[in-house]
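Now for the letters of each chain:
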Amino acid sequence: MKDRPTVLYDVPGPRARRRNVLWSVLFLIGLAAVVWWVVASLADKNQLAWSKWAPFFTDARVWETYILPALKNTVIAAALSMVIALPLGAFLGILRLSDHVIVRSVAGTVVEFFRAIPVLILMLFADAAYSEFTDISPDNRPLYAVVTGLVLYNASVLAEVVRAGILALPTGQTDAAKAIGMRKGQIMTHVLLPQAVTAMLPALVSQLVVIVKDTALGGAMLGFSELLASVRPMSANYGANTIACFTVVAVIFIALNFALTTFASWLERRLRRGKKTTGAVVGVEAVEELAAPGEHPDTRRGPSG
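Worth saying up front: this structure is predicted, and the values here are computed from it rather than measured. Going along each chain's sequence as written, the residues are numbered from 1 onward. For this predicted model, a pLDDT threshold of at least 70 governs which residues receive local features, and a threshold of 80 or more governs which side-chain atom pairs are given and counted, while totals over whole chains, interfaces and linings are taken from all residues. Hydrogen atoms and water are omitted, and side-chain values are computed over all heavy atoms in the structure.

### Let's talk about the overall build of the protein chain
In step 1: Each helix and strand counted, the protein chain has 12 helices and zero strands in total.
In step 2: To qualify as a helix, a DSSP run of H or I must reach at least 4 residues; to qualify as a strand, a run of E must reach at least 2; elements of each kind are numbered from the N terminus. Shown N-terminal to C-terminal, the secondary structure of the protein chain runs as helices and strands in the order α-α-α-α-α-α-α-α-α-α-α-α.
In step 3: Whether two residues are in contact is decided by their heavy atoms: any pair within 4.5 Å suffices. When contacts within the protein chain are restricted to residue pairs at least 6 apart in sequence, long-range pairs at least 24 apart make up 71% of them.

Structure follows, in structure tokens:
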């Protein structure tokens, strides 16, 4: 039986399948050669010796002095940025959907301005501003600058995520809410946002992962004692084990982001399951509360009652 073309693509024939297998084999051989070259180069430079890796397994001081304090600073900066950027981004995203042209224009200008500036420049400007106009101590100023830069940039990106998520909902949701007398604010908070959260969750989590990783920019330029910045002093005090230090720090970053995405996946499944098994019921009392002041729903039924 001949292979028939599908809607999206043509099923490869025997020659195409053989060619795909050949390219796959060549790619795997090339990848294995690159891995072998990297491992051999590290071994030649004594970077795979046990003495380079032993401190992370036998010396608790490397964790107590360098890694754990730096990890604490990374988590604090990321957590503060998330807590501030999420509601601020949602607020700006809602303002971009306002019926008032001035409000919509101002919110759009703010979002586009901060979204267009690299987050590192925002951190540097924030650090200079705190140094010039505030009395924040030099020890705490890097944390403030990192959080400020991350909040301004990521809140602008999250605002676009929120706006796109709300606009992606069917217009019938808004029409149905208006039909029972809900005001625009009530429609946004009780109808649109709860439904848009599930659709926006993957994009929101991706941006939260970016926040965690971008804390490293503060260590590179502002002297913020975050996780990546701990590599240099560790390597200097433990026999120039730079590769081992970078590997351990990379694994910690992967674990942090994996925990964040795992929690988000669990939350998304829970939200979707809840929407499948339960439904919102609007009672008579709720309709009466949503009706215009002085107007009872029974008076709007018409002659048929």
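### Examining the packing of helix α4 (residues 61-95) against helix α7 (residues 141-167)
In step 1: Viewed as axis vectors pointing N to C, α4 and α7 meet at an angle of 35°, and their least axial separation amounts to 7 Å. The interaxial crossing formed by α4 with α7 has right-handed handedness. On α7, the residues that touch I76, A77, L80, S81, I84, A85, L86, L88, G89, A90, L92 and G93 of α4 are L143, V146, V147, L150, V151, N154, A155, L158, A159, V162 and R163.
In step 2: Charged residues are taken to be Asp, Glu, Lys and Arg, nonpolar residues to be Ala, Val, Leu, Ile, Met, Phe, Trp, Tyr, Cys and Pro, and polar residues to be all remaining types, Gly included. Here the contact of α4 with α7 is built from residues that sort into 18 nonpolar, four polar and one charged. For helices, the axis comes from a line fit to the C-alpha atoms of the stretch in contact; other axes are also lines fit to C-alpha atoms, and the angle between any two N-to-C directions lies between 0 and 180 degrees. Helix crossings get a hand from a simple test, with the near helix turned counterclockwise from the far one by less than a right angle marking a left-handed crossing and a clockwise turn marking a right-handed one.

### Quick word on a nonpolar patch on the surface
In step 1: Exposure above 30% relative accessible area and the lack of any salt bridge qualify a residue for a patch; like charges then connect within 9 Å, and the nonpolar side chains Val, Leu, Ile, Met, Phe, Trp and Tyr within 5 Å. Accessible surface is estimated by sampling points in the Shrake-Rupley manner with a 1.4 Å probe; for residues, cover comes only from the protein chains shown. Definition used for salt bridges: Asp or Glu carboxyl oxygen within 4 Å of a side-chain nitrogen of Lys or Arg. Residues V21, L22, W23, V25, L26 and I29 make up a contiguous nonpolar surface patch of roughly 610 Å² in combined accessible area.
In step 2: Relative to the elements of secondary structure, L26 occurs in helix α1 (residues 14-44).

### A look at the nonpolar core
In step 1: Grouping buried Ala, Val, Leu, Ile, Met, Phe, Trp, Tyr and Cys residues that are joined through side-chain atoms within 4.5 Å yields what is termed a nonpolar core. Only protein chains enter the calculation, and the probe is 1.4 Å; a residue is then buried if its accessible area is under 20% of its type maximum, exposed if over 50%, and partly exposed in between. The biggest cluster of nonpolar side chains holds 37 residues, and the ones touching the most others in it are F56, I67, M82, V146, L227 and M234.
In step 2: Sorting the residues of this core by element identifies α4, α6 (119-133), α7, α9 (184-221), α10 (231-237) and α11 (242-277) as the ones contributing at least two each.
In step 3: Top contributing element to this core by residue count: α11, with eight residues.
In step 4: With sequence-adjacent residues up to four places away left out, L227 is seen in contact with I67, A70, L71, T74, V249, I252 and F253.
In step 5: Judged by nonpolar contacts, the second largest core, of 18 residues, contains M188, L193, M200 and L204.

### What about the side chain of T74?
In step 1: Summarising the element assignment, T74 is placed in helix α4.
In step 2: Other than its neighbours up to four places away in sequence, T74 contacts V212, T215, E226, L227 and F253.

### Remarks on the packing of aromatic side chains
In step 1: Think of it this way: a Phe, Tyr or Trp ring, Trp meaning its six-membered ring, pairs with another when their centres are within 6.5 Å, and the plane angle makes it stacked under 30 degrees, edge-to-face over 60, tilted otherwise. A full pass over the atoms with the stated rule returns five aromatic pairs.
In step 2: With centroids separated by 6.4 Å and ring planes inclined at 85°, the aromatic side chains of Y66 and Y238 adopt a geometry described as edge-to-face. With Y66 in helix α4 and Y238 in the loop between α10 and α11, this residue pair connects regions lying 172 residues apart in the sequence.
In step 3: Residue Y238 is classed as buried on the basis of its relative accessible area, which comes to 18%.

### A short note on the pattern of salt bridges
In step 1: Counted according to the given criterion, the structure contains seven salt bridges.
In step 2: As a salt-bridge pair, E112 and R96 come within 3.4 Å of each other at their nearest N and O atoms. Note that E112 is positioned in helix α5 (residues 101-116) and R96 in the loop between α4 and α5, a separation of 16 residues in sequence.
In step 3: The salt bridge involving R115 is made with E160; its shortest N-O contact spans 4.0 Å. Of this pair, R115 sits in helix α5 while E160 is found in helix α7, placing the two residues 45 residues apart along the sequence.
In step 4: Taken together, the shared-partner salt bridges connect R96, E112, R115, E160 and R163 into one network.

### Things to note about α6
In step 1: In this analysis, the expected span of each helix is defined as 1.5 Å times one less than the number of residues it contains. The terminal C-alpha atoms of α6 lie 21 Å apart, and with 15 residues this matches the ideal 21 Å at 1.5 Å per residue to within 8%.
In step 2: If you check which residues of α6 are buried, you get V119, L122, M123, A126 and D127. On an axial view of α6, the arc spanned by its buried residues comes to 135°, and they lie on one face. α6 presents F125 and E132 as exposed residues on the side facing more than 90 degrees away from its buried surface. Arc definition: it is the arc formed by the directions from the helix axis to the C-beta atoms.

### Here we look at the environment of L222
In step 1: For L222, the location among the structural elements is in the loop between α9 and α10.
In step 2: Through-space distance from the C-alpha of L222 to that of M123 is 8.2 Å; in sequence the pair is 99 residues apart.
In step 3: In contact with L222, other than residues within four places in its own chain, are M123, L124, D127, P142, A145, V146 and L217.

### A few points about the packing of α4 against α9
In step 1: It is the contact of α4 with α9, at a shortest axis distance of 10 Å, that shows an interaxial angle of 145°. The way α4 lies across α9 gives a crossing that is right-handed. Taking contact as the criterion, the partners of T74, A77, A78, S81, M82, L86 and I94 in α4 are, on α9, M188, L193, L208, I211, V212 and T215.

### Some words on the confidence of the model for the protein chain
In step 1: Each residue carries a pLDDT score, the predictor's confidence in it, ranging from 0 to 100. For the protein chain, the average pLDDT comes to 83, and 87% of its residues sit at 70 or higher.
In step 2: For the protein chain, helix α12 (residues 284-290) is the element with the lowest average pLDDT, namely 47, and α6 is the one with the highest, namely 94.
In step 3: Ignoring residues within four places in sequence, the model shows residues 277-284, a span with pLDDT below 50, making one contact including any to other chains.
In step 4: Across residues 296-305 the pLDDT falls below 50, and counting only partners more than four positions away or on other chains, this stretch makes six contacts in the model.

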